[in-house]
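# Inside the fold
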Amino acid sequence: MAGIIAPSSLLLPSGSKLRTTWLEFKTHPGRTVSGKQIHRRNFKLRAEVNYVNDEEAKKLVAVEGYTVVDVRDKSQFDRAHIKSCYHMPLFIENKDSDIGTVIKRTVHNNFSGLFFGLPFTKENPEFVQSLKSQFSSESKLLLVCQEGLRLGFIFFLLSRSAAAANKLERAGFQNIACITSGLQAVKPDSLLSAGTFDSVGSTELQNAGKAGLVTIQGKISAVLGTVLICAFLFITFFPDQAEKLFQLAPSS
């Protein structure tokens with residue numbers, strides 16, 4: 001059986017909601033006529049994925065009973081996550097030992113891993129099955145990742161939560177929602193949703209995606225800026241003392 005999946009509509013209504021339905025086209029082997037096999041084609045619309053902003057997401061959890069499913073990798077989850085969420089990473093650390101993977105992992109760790117703290121990962125083969133073992137197809141699930149939805153040139157399934165939503169929707173889940181802005185843009189709870197997105201971890205939800213050398217770049221810049229300002233003020237208000245210090249400095 002062969003099949004293709006294509007978006008049949010992409011709607012951008014008022015506010016930040018983004019909904020998409022999918023048209024599924026499948027070709028099935030049919031009867032044979034005059035020595036040729038006739039294929040029959042089926043078309044059907046699949047369930048919608050509901051894209052919401054963070055305030056709408058909080059209402060889904062607080063009012064409509066959605067369960068938060070965090071699809072980020074373990075490192076980001078450990079830094080900060082929503083207290084009541086269920087963690088099922090879409091990508092897991094890739095520890096394969098074949099030569100191709102070892103080379104890719106080495107290159108990754110010396111660049112993306114070093115500067116941004118990103119782990120070298122691969123797709124979690126148990127993602128869908130693990131969630132199917134925990135939730136029914138009618139369960140209301142709110143998928144969250146760090147970055148949220150990012151529009152591409154043609155397709156928009158570029159974030160982990162959107163990719164996860166597509167997988168679950170294909171697997172038959174009927175009530176899937178995603179936060180468009182991701183956890184990096186989640187605002188403090190309002191009175192209606194107080195406590196909904198309370199988090200635990202070593203940092204705030206908004207900063208859970210920050211790691212590696214980029215996290216200390218700002219601190220280094222602040223220290224250097226402070227030193228330069230102090231030097232400028234010293235030279236300005238104490239020129240005689242500054243000149244003496246320059247004279248004590250070894251000449252090249």
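Residues numbered from 1 in each chain as written. Predicted model: local features only at pLDDT ≥ 70, side-chain atom pairs only at ≥ 80, totals over all residues. Heavy atoms only, no water.

Helices and strands together make up the secondary structure of the protein, namely 8 helices and 11 strands. Carbon and sulfur atoms make up 59% of the accessible area of the protein, which amounts to about 15,400 Å² in all. (Helix = DSSP H or I, 4+ residues; strand = E, 2+ residues; numbered from the N terminus. Areas by Shrake-Rupley, 256 points an atom, 1.4 Å probe, with all protein chains shown as cover.)

So, on to the pairing of strand β4 (residues 67–70). On a regular strand, each side chain points to the face opposite its neighbour's, so the side chains alternate between the two faces of the sheet. Sheet analysis places β4 next to strand β9 (residues 140–144), joined by 4 bridges and oriented parallel. Pairing of Thr-67 across the sheet is with Leu-141, part of β9. Here 2 bridges tie β4 to strand β6 (residues 86–87), and the two strands are oriented parallel to one another. By the bridge assignment for β6, Val-69 is matched with Tyr-86. (Pairing = 2+ DSSP bridges.)

Moving on, we get to the side chain of Arg-79. Mapped onto the fold, Arg-79 is located in helix α2 (residues 74–79). No salt bridge is formed by the buried Arg-79. Its closest oppositely charged neighbour is Asp-73, at 5.8 Å. Among all residues touching Arg-79, those that are not within four sequence positions of it are Gly-117, Val-200, Gly-201, Ser-202, Thr-203, Ala-208, Gly-209, Lys-210 and Ala-211. (Buried < 20%, exposed > 50% of the residue type's maximum accessible area, 1.4 Å probe, protein only. Lys, Arg positive; Asp, Glu negative; His and termini not counted. Salt bridge = Lys/Arg side-chain N within 4 Å of Asp/Glu carboxyl O. Contact = heavy atoms within 4.5 Å.)

Remark: the centre distance and the inter-plane angle together describe each pair of aromatic rings, the angle taken between the planes. Tallied over the full model, the rule gives 1 aromatic pair. Ring centres of Tyr-86 and Phe-135 lie 5.3 Å apart, and the angle between their planes is 90°; this geometry places the pair in the edge-to-face category. Of this pair, Tyr-86 sits in strand β6 while Phe-135 sits in the loop between α5 (127–134) and β9, and the two are 49 residues apart along the sequence. Given the relative accessible area of 16%, Phe-135 is considered buried. (Phe/Tyr/Trp six-rings, centres within 6.5 Å; stacked < 30°, edge-to-face > 60°.)

A word on the environment of Gln-184. Within the secondary structure layout, Gln-184 lies in the loop between β10 (175–179) and β11 (199–201). Not counting residues up to four positions away in its chain, the partners in contact with Gln-184 are Gln-146, Glu-147 and Gln-206.

In this structure the tally under the stated criterion is 7 salt bridges. Its salt-bridge partner being Arg-160, residue Asp-73 comes within 3.4 Å of it at the nearest N-O pair. Note that Asp-73 is positioned in the loop between β4 and α2 and Arg-160 in helix α6 (residues 160–170), a separation of 87 residues in sequence. Both residues of the pair, Asp-73 and Arg-160, count as buried. Residue Glu-123 is joined to Lys-167 by a salt bridge in which the shortest nitrogen-to-oxygen separation is 2.3 Å. Residue Glu-123 is found in strand β8 (residues 121–123), and its partner Lys-167 is found in helix α6; the two are separated by 44 residues along the sequence. If you follow the salt bridges from partner to partner, you end up with Asp-73, Glu-147 and Arg-160 in one network.

Moving on to the side chain of Asn-124. Position of Asn-124 relative to the elements: it lies in the loop between β8 and α5. At a separation of 3.0 Å, a polar atom in the side chain of Asn-124 contacts the main-chain amide nitrogen of Glu-126. Every residue in contact with Asn-124, bar those within four places of it in the chain, is listed here: Met-88, Pro-89, Leu-90, Phe-91 and Ile-92. (Polar contact = N/O pair within 3.5 Å; in protein donor to acceptor, adjacent residues only side chain to side chain.)

To continue, consider the confidence of the model for the protein. Chain-level pLDDT for the protein is 75 on average; 65% of the residues reach the 70-or-more range. pLDDT under 50 marks residues 20–25. Its contacts with residues more than four places away, or in other chains, come to 41 contacts. Confidence drops under pLDDT 50 across residues 152–157; counting only partners more than four residues distant or on other chains, this segment forms 12 contacts. (pLDDT = per-residue confidence, 0-100.)

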